[in-house]
Amino acid sequence: MIVLKFGGTSVQDSAAMDRALDITFERLERSPVLISSAMAKITDSLIAAADAAVAGDGEAVASLLDAVKERHIKCAYEFLKGQNLNYAVTRINEIMTELRSILRGCVYLKECTPQSCDAVVSCGELLSTVLLHARARERKIDAVWLDSRELIKTDSTYGEAAVDFKATETAIRKAVTPAAGKLFIAQGFIGSDANSLTTTLGRGGSDYTAAVFGSILNAEEIQIWTDVNGIMTTDPRLVPEAKTVNEISYEEAAELAFFGAKVVHPATIQPAVAKKIPVTVLNTRDPEGIFTRISEKTAYEGLKAISGKKNVTLLTVVSSRMMNAVGFLANLFEIFREHNTSVDLVSTSEVSVSMTINKTDKLAEITADLEKLGSVSVEADKAIVCLVGKGIWKDSRNVTKAFAALEGTNIRMISLGASDTNLSALVPNGKLNEAIISLHKAFFG
Ligand code: ADP
Ligand code: ASP
Ligand code: MG
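On a predicted model such as this, the values are computed, not experimentally measured, just so you know.

Trainee: In this structure, what is going on with the environment of isoleucine 23? I would like to understand it.
Mentor: With respect to the helices and strands, isoleucine 23 occurs in helix α1 (residues 14–25). Between the alpha carbons of isoleucine 23 and leucine 4 there is a distance of 9.1 Å; along the sequence they are 19 residues apart. With residues near it in sequence (within four places) discarded, isoleucine 23 still touches Leu4, Phe6, Trp225, Thr284 and Pro287.

If you want it as structure tokens, here you go:
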């Protein structure tokens, strides 16, 4: 079997949905499961509606929801008739009615808890998959609509839920029996917890859903269909000359995604790695064009791509007394664990430790605890620029080249990945784009 995941722009209107279905129908004999995101920008609109509800602005909520409904109804009328049109319009109305009633409660209370927010944003994927299902039937395909809330079982960390693989495996195995000629359609991004309350897997989480389905169903391939020709040497929105990376390893792709390349969700790779399932990243608008294959090993080593991550905070602890003391670093990292904050980059010297974090909601508490170990300085508004590629530093000319390209940029920290797969440098937020452009020019011309 094969899993096909379509992102927001790949299902943004009736024409895009038809293109996604064309691609899927060509693969019907491979027993496909289709995972879809919400139509482009719908998740953002639903989050805006939740924010408006918290502000008590019922009018803004109503107008945002009207626009969401209008887009789906318009799409339904464009490509459905008769029974299929009735079915889709009825389901859209049902979902919208539920959405309105949740948000009415939020406006009333001027509050939208993470739990309510997940119930709200999940509607984007429910709506898009209703349309895809109806259209597949209109085009005479044997299609089954699955409810991912019943299949993807998670913990109760609303907004960023962790998948319970055991429960999910049982649910998916029971409900999904892929077969040639038959199409299963499910929502990306959404799931539910042990109390059957809706959860979501974090922004961009549909990729992860695809990987979970693929790994449980032992897919021969997971195809991530998006709006660019695969993983490129850097974000083509920033550098239009960026080229497709034909082959990339799981490890390299995970580093790239972790350090900011939005093209695949960082967690996607992990379930695929465990089962050695190849993941391909392809362009819905250029289905026969070049694409990327992510797999265990690549034929060549060296720099693959450059990514960047903004809004990072640098923490430095200086302690001449304690650096050499046994257990100092263990105590230091324990503080981050206690405050549920992960450290991205670390660099140590004789008397200091520098670390970067992305999540700053517990910054005050972390700083207070770190001060018990030494003097602490905090520098906000930093960015990580990251060069990724297995074995890049075997050739020392690469290091020289990278530093030459970054000349004149105020670098606060350097980290050579222990696994010889990345080199990261910390630069000011405002210099990130410039640094990426300059590095890309130096390495890829
Ligand atoms: P989807 O909605 O299909 O999930 P996303 O918007 O999440 O698509 O991801 C695709 C986007 O990722 C591209 O349009 C591109 O601008 C951006 N991107 C960032 N870094 C890269 C990269 N290295 N290669 C390709 N695309 C990248
Ligand atoms: N619709 C969700 C988002 O916009 C999930 C996804 O598209 O992957 O984040
Ligand atoms: Mg995405």
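Trainee: Help me understand the site of ligand 1 in this model?
Mentor: Around ligand 1 sit 16 residues, and of these Thr226, Asp227, Met232, Asp235 and Arg237 come closest. At 3.2 Å, a backbone N or O of glycine 8 approaches an oxygen atom of ligand 1. One of the side-chain nitrogen or oxygen atoms of lysine 262 is found 3.0 Å away from an oxygen atom of ligand 1. Burial of ligand 1 by the surrounding chains reaches 90%, relative to a free accessible area of 580 Å². Taken together, the residues that form the shell around ligand 1 break down as 6 nonpolar, 5 polar and 5 charged.

Trainee: I keep staring at the pairing of strand β11 (residues 305–318) and nothing clicks. Help me out?
Mentor: Each regular strand shows side chains that alternate between the opposite faces of the sheet. Within β11, 10 of the 14 residues are buried, leaving the element largely enclosed by the surrounding structure. Judged from the 6 bridges that link them, β11 and strand β13 (residues 352–357) form a sheet pairing that is antiparallel. What sits directly across from leucine 314, in β13, is threonine 356.

Trainee: What is the right way to read the pairing of strand β12 (residues 343–348) from this model?
Mentor: Pairing analysis gives 4 bridges linking β12 to β13, with the strands arranged antiparallel. Its bridge partner being in β13, valine 346 is matched across the sheet by methionine 355. In textbook terms, the turn of a hairpin is the stretch between consecutive antiparallel strands, and for β12 and β13 this stretch comprises 3 residues.

Trainee: How should I be thinking about the site of ligand 2 in this particular structure?
Mentor: Taken together, Ser37, Thr43, Glu125, Phe189, Arg203, Gly204, Gly205 and Ser206 make up the full set of residues adjacent to ligand 2. Here a nitrogen atom of ligand 2 and a side-chain polar atom of glutamate 125 are 2.7 Å apart. In this structure, an oxygen atom belonging to ligand 2 sits 2.7 Å away from a side-chain N or O atom of arginine 203. Taking 260 Å² as the accessible area of ligand 2 by itself, protein coverage stands at 86%. Residues belonging to the shell around ligand 2 are distributed by class as follows: 1 nonpolar, 5 polar and 2 charged.

Trainee: What is the right way to look at the sheet that holds strand β8 (residues 247–249) in this model?
Mentor: Strand pairing in a sheet is mediated by backbone hydrogen bonds. Such pairs are either parallel or antiparallel. Strand order in this open sheet of 8 strands is β3-β4-β2-β1-β7-β9-β10-β8, and the pairing throughout is mixed. The open sheet terminates on both sides in strands that have one partner only, identified here as β3 (142–145) and β8. Within the sheet, the average angular offset between the axes of one strand and its neighbour, ignoring direction, is 20°. Sheet topology places β3 next to strand β4 (residues 182–187); 4 bridges connect them, and they run parallel. Each bridged residue has a counterpart across the sheet, and for tryptophan 145 the counterpart in β4 is isoleucine 185.

Trainee: Would you mind showing me how to read the sheet that holds β11 here?
Mentor: Reading across from one edge, β12-β13-β11-β14-β16-β15 is the order of the 6 strands in this open sheet, with antiparallel pairing throughout. A strand with exactly one partner marks an edge of an open sheet, and here the two such strands are β12 and β15 (413–416). Between one strand axis and the next, the sheet turns by 30° as a mean value, whatever way the strands run. In this fold helix α9 (residues 250–258) packs onto β11, β12, β14 (375–388) and β16 (422–428), with an angle of close to 65° to the strand it touches most, β11.

Trainee: I keep staring at helix α14 (residues 432–444) and nothing clicks. Help me out?
Mentor: Side chains that are three or four residues apart share a direction in an α-helix, a result of its 3.6 residues per turn. For α14, built from 13 residues, the straight-helix expectation of 18 Å at 1.5 Å per residue is met to within 8% by its first-to-last C-alpha distance of 18 Å. Residues of α14 that are buried: Leu432, Ala435, Ile436, Leu439, His440, Phe443 and Phe444. Angularly, the buried residues of α14 cover 130° about the axis, an arc narrow enough to put them on a single face. Looking one or two places after α14, you find glycine 445, whose phi comes out positive at around 80°.

Trainee: How should I be thinking about the side chain of glutamine 223 in this particular structure?
Mentor: As for its placement among the helices and strands, glutamine 223 is situated in strand β7 (residues 221–226). Classification of glutamine 223 by relative accessible area gives buried; the value is 4%. Within polar-contact distance, the side chain of glutamine 223 engages the side chain of arginine 27 at 3.2 Å. Once you skip the residues sitting within four places of it in the chain, glutamine 223 turns out to touch Ile2, Val3, Leu4, Lys5, Arg27, Arg30, Thr280 and Leu282.

Procedures and definitions
- Residues numbered from 1 in each chain as written.
- Chains lettered and ligands numbered in written order.
- Predicted model: local features only at pLDDT ≥ 70, side-chain atom pairs only at ≥ 80, totals over all residues.
- Heavy atoms only, no water.
- Helix = DSSP H or I, 4+ residues; strand = E, 2+ residues; numbered from the N terminus.
- Contact = heavy atoms within 4.5 Å.
- Near = heavy atom within 4 Å.
- Polar contact = N/O pair within 3.5 Å; in protein donor to acceptor, adjacent residues only side chain to side chain.
- Areas by Shrake-Rupley, 256 points an atom, 1.4 Å probe, with all protein chains shown as cover.
- Nonpolar A, V, L, I, M, F, W, Y, C, P; charged D, E, K, R; others polar.
- Buried < 20%, exposed > 50% of the residue type's maximum accessible area, 1.4 Å probe, protein only.
- Pairing = 2+ DSSP bridges.
- Axes fitted to C-alpha atoms, helices over the stretch in contact; angles between N-to-C directions.
- Expected span 1.5 Å × (residues − 1).
- Arc of directions from axis to C-beta.

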